[in-house]
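Letter by letter, the chains look like this.
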Amino acid sequence: MKRQLPFIIITLLFVTVSFLDRLIPKGMFFDGVIYATVAKNQAEGLGSFWLPYYGHGANFWEHPPLMFGLQSVVFRLFGDLYFTEKIYCFIVGLLTVLLIRKLWNASSSPERK
């Protein structure tokens, strides 16, 4: 583990620097605004997990509902603030890194060789 520590630190720094510029600025791309709107509507009780609601009587069928459900939980916890979407993105990024690590460890374990 001690031999791998410099590589782990360099990788973490690279990932942090790569995604920090996306987490700090105010604003989102158009698709992010749509997804946040669907999740916020769900957090406010408009639509449901299996029937996401976009607006003006329209349901949102373009993507599977899991991420909207997770994001609606973050909206319920933090409310409609500027950083709510940023916290959600950070949590999903962190979970992705942890799951990749678990997959890497499972695929490179000595039992598999």
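Just so we're clear, the structure is a prediction, and the values are computed from it rather than from any experiment. (Residues numbered from 1 in each chain as written. Predicted model: local features only at pLDDT ≥ 70, side-chain atom pairs only at ≥ 80, totals over all residues. Heavy atoms only, no water.)

Engineer: Help me out: how do you make sense of the overall build of the protein in this one?
Structural biologist: On a plain count of helices and strands, the protein comes out with four helices and two strands. Counting helices and strands in the order they occur from the N terminus, the protein gives α-α-β-β-α-α. Radius of gyration (C-alpha) of the protein: 18 Å, far over the 13 Å computed for a compact globule of 113 residues. Taken along its principal axes, the extent of the C-alpha atoms in the protein is 55 × 35 × 25 Å. Here the protein holds 113 residues, and 19% of them are scored as buried. Counted over contacts in the protein with a minimum sequence separation of 6, partners at least 24 positions apart contribute 47%. (Helix = DSSP H or I, 4+ residues; strand = E, 2+ residues; numbered from the N terminus. Rg over C-alpha atoms; globule rule 2.2 N^0.38 Å. Buried < 20%, exposed > 50% of the residue type's maximum accessible area, 1.4 Å probe, protein only. Contact = heavy atoms within 4.5 Å.)

Engineer: Where do I start with the pattern of salt bridges in this structure?
Structural biologist: Side chains carrying opposite charge are able to pair once their charged atoms draw close together. Per the counting criterion, the structure on display carries two salt bridges. Here lysine 40 and glutamate 44 are joined by a salt bridge, their closest N and O atoms 2.7 Å apart. Aspartate 80 is the partner of lysine 40 in a salt bridge, and the nearest nitrogen-oxygen pair spans 3.8 Å. With lysine 40 in helix H2 (residues 30-43) and aspartate 80 in the loop between helix H3 (66-78) and helix H4 (84-107), this pair connects stretches of sequence that are 40 residues apart. For lysine 40, a relative accessible area of 22% corresponds to the partly exposed category. Overall, the relative accessible area of 56% leaves aspartate 80 in the exposed class. Residues joined in a network through salt bridges with shared partners are Lys40, Glu44 and Asp80. (Salt bridge = Lys/Arg side-chain N within 4 Å of Asp/Glu carboxyl O.)

Engineer: Would you explain the side chain of glutamate 85 in this entry?
Structural biologist: Positionally, glutamate 85 belongs in helix H4. Among buried Asp, Glu, Lys and Arg side chains, glutamate 85 stands out as unpaired, with lysine 86 the closest opposite charge at 7.2 Å. Reaching out from glutamate 85, the side chain makes a polar contact with the side chain of glutamine 71 at a distance of 2.2 Å. Discounting residues that sit within four places of it in the chain, glutamate 85 has contacts with Met28, Ala36 and Gln71. (Lys, Arg positive; Asp, Glu negative; His and termini not counted. Polar contact = N/O pair within 3.5 Å; in protein donor to acceptor, adjacent residues only side chain to side chain.)

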